[in-house]
Amino acid sequence: MNICAIVVNEANGPLCFEDIELAPPNRGELLIKVTACGFCHTDELVRVQALPVPLPVVLGHEGCGIVESVGAEVTEFSPGDRVCVSFGHCGVCARCRSGMPTMCDSFVPINFGGVQPDGTSRLSRGGESVSTLFGQSTFATYAVVNAGSAIKVPDDIPLEITGPLGCGIQTGAGTVLNMLKPRPGSSIAVFGCGSVGLSAIMAAKLAGCGMIIGVDLVSSRLDLALELGATHVINGAETPDVTAEIRKLTGLGTDASIDTTGKSIGTRMALNAVRPGGSAYVIGGGGDVTFNVETELMGVGKSLIGGVEGNSNPKVFIPELMEHYRAGRFPFDKMITFYDFDDVESAVRDTKSGKAVKAVLKMT
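Here is a short report on the structure shown in this document.

Analysis parameters
- Residues numbered from 1 in each chain as written.
- Predicted model: local features only at pLDDT ≥ 70, side-chain atom pairs only at ≥ 80, totals over all residues.
- Heavy atoms only, no water.
- Disulfide = S-S within 2.5 Å.
- Buried < 20%, exposed > 50% of the residue type's maximum accessible area, 1.4 Å probe, protein only.
- Helix = DSSP H or I, 4+ residues; strand = E, 2+ residues; numbered from the N terminus.
- Contact = heavy atoms within 4.5 Å.
- Pairing = 2+ DSSP bridges.
- Axes fitted to C-alpha atoms, helices over the stretch in contact; angles between N-to-C directions.
- Parallel < 35°, antiparallel > 145°, perpendicular 65-115°, else oblique.
- Left-handed = near helix turned anticlockwise from the far one by under 90°.
- Nonpolar A, V, L, I, M, F, W, Y, C, P; charged D, E, K, R; others polar.
- Patch = residues over 30% accessible without salt bridge, like charges linked within 9 Å, V, L, I, M, F, W, Y side chains within 5 Å.
- Areas by Shrake-Rupley, 256 points an atom, 1.4 Å probe, with all protein chains shown as cover.
- Salt bridge = Lys/Arg side-chain N within 4 Å of Asp/Glu carboxyl O.
- Lys, Arg positive; Asp, Glu negative; His and termini not counted.
- Charge placed at Lys NZ, Arg CZ, Asp CG, Glu CD.
- Polar contact = N/O pair within 3.5 Å; in protein donor to acceptor, adjacent residues only side chain to side chain.
- 1 Å grid on protein atoms, 1.4 Å probe; cavity = no way out; pocket = protein on both sides within 12 Å on 5 of 7 lines; lining within 4 Å.
- Points joined across faces, edges and corners; volume = space filled by probe spheres on them.

Here the structure, examined in full by the defined rule, presents zero disulfides. Left unpaired, Cys90 is separated from the closest cysteine sulfur, that of Cys104, by 3.5 Å. Residue Cys96 stays outside any disulfide, its sulfur separated by 3.7 Å from that of Cys104, the closest cysteine. The class of Cys96 is buried, set by a relative accessible area of 12%.

Take helix 11 (residues 344–353) next. Each α-helix winds once per 3.6 residues, and so residues spaced three or four apart point in a common direction. Turning to helix 11, its buried residues number three or more, namely Val344, Ser346, Ala347, Val348 and Asp350. Next to the buried residues of helix 11 lie strand 1 (2–8), strand 2 (16–22), helix 1 (41–47), strand 17 (336–340) and strand 18 (358–362). Gly354 occupies a position one or two residues after helix 11 and carries a positive phi of about 95°.

Pairing is mixed in the closed barrel, where five strands are placed in the order 1-2-7-8-4. Here strand 1 runs beside strand 2; their pairing, made up of six bridges, is antiparallel. Bridge pairing links Asn2 to Glu21 in strand 2.

Packing of helix 5 (residues 195–206) against helix 6 (residues 219–228) brings their axes to within 9 Å, and their N-to-C directions diverge by 20°. Looking at the two axes, helix 5 sits roughly parallel to helix 6. Like other packed secondary-structure pairs, helix 5 and helix 6 cross with a definite hand, here right-handed. From helix 5, Leu198, Ile201, Met202 and Lys205 reach across to helix 6, where they touch Arg221, Leu224, Ala225 and Leu228. When the residues that make up the contact of helix 5 with helix 6 are grouped by side-chain class, the tally is six nonpolar, no polar and two charged.

Where like charges cluster on the molecular surface, the negative patch consists of Asp340, Asp342, Asp343 and Glu345. Checked against the element boundaries, Asp342 lands in the loop between strand 17 and helix 11.

Before going further, it helps to spend a moment on the side chain of Glu62. Here Glu62 lies in the loop between strand 4 (57–58) and strand 5 (63–70). Engagement of the side chain of Glu62 in a polar contact is seen with the side chain of Lys358, the distance being 2.9 Å. Among residues more than four places away in sequence, those in contact with Glu62 are Ala36, Cys37, Gly38, Phe39, Cys40, Gln136, Thr138, Gly163, Pro164, Cys167, Gly168 and Lys358.

A word on the layout of surface pockets. The volume enclosed by the largest pocket comes to roughly 1500 Å³. Considering the residues around the largest pocket, the lining is formed by 49 residues, among which His41, Thr260, Thr261, Gly262 and Gly284 are closest to the centre. Of all the secondary structure elements, the ones that give two or more residues to the lining of the largest pocket are helix 1, helix 3 (107–112), helix 4 (168–180), helix 5, strand 12 (211–216), helix 8 (264–273), helix 11 and strand 18. If one sorts the elements of the lining of the largest pocket by residue count, helix 1 sits on top with four residues. Classifying every residue of the lining of the largest pocket gives 23 nonpolar, 19 polar and seven charged. Lining the second largest pocket are 14 residues, and of these Arg27, Gly28, Glu29, Glu73 and Asn146 lie nearest its centre.

Below you can see the structure in the form of structure tokens.
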């Protein structure tokens, strides 16, 4: 079938609306009519080829929609089901079978190699293959996704808000709830108050953290951080020494920190913000970091830990987040700004400026 999709054809090239051929779902796959898809920083990294997904590629990896048809051997879903879609994984390696799909042996080729778990793409143009992103490519009117990556959405939850649960939101919340598992009353600093960082702040409030410090350069995001659960905020654009300010608030530093900035300076600040014996979690892809092992890490007994997608099992974790949302404990919809599908440039611009925390394109 012919679909309309947003394609990147060259490194740092424009976002092009094009007619693309979408093949029917294979065994274990679903065809979904896409309702909405979040814009994530990862989409921009692919566009500029900081993440070298083979080009051309159809972007979009925080999608949701309605099942149109199912491939052979699919029993969990039926046409008409409402679903959101998370990252791709093989489902058969030891890590996947152990409930750790973020550590899938094929995580990189499936999500960044331009293919589905079976090693092929359902997308083509003029007879030539077009790459898939995260096994979904949901900046499109329709998409074929693996059933193992789809999660049913209850009827009482707005479908159009659920796409970002599949990546950015579960990354931030999962880092706190699945990886850190903070003690009630403990302290945490979150560097970067975009959708990932704000999700971590909401999760820290859920977990009962006593002091939750949000750090960002945009005042409106810090205001939202306070609304969503931060007890203190620091504007890095106005504070000469952020880590010194954190120590002023806490004494020796926080028990834990999370860096979502994707910048080397954010990683080092997160490491220096925690007290001796504390842990810093890095969940924003960045570059090289230089620090002194004796005085900043080993000699003070700190841990520096990387995470992918919050170490989440989406089939289990995303329904938990939806239940927290239903109960009013995880109001992630407050981060979302909607844009029409054909207004993607505004979504990108507002995301880069900080005006939009989580931009979501609506296809219908």
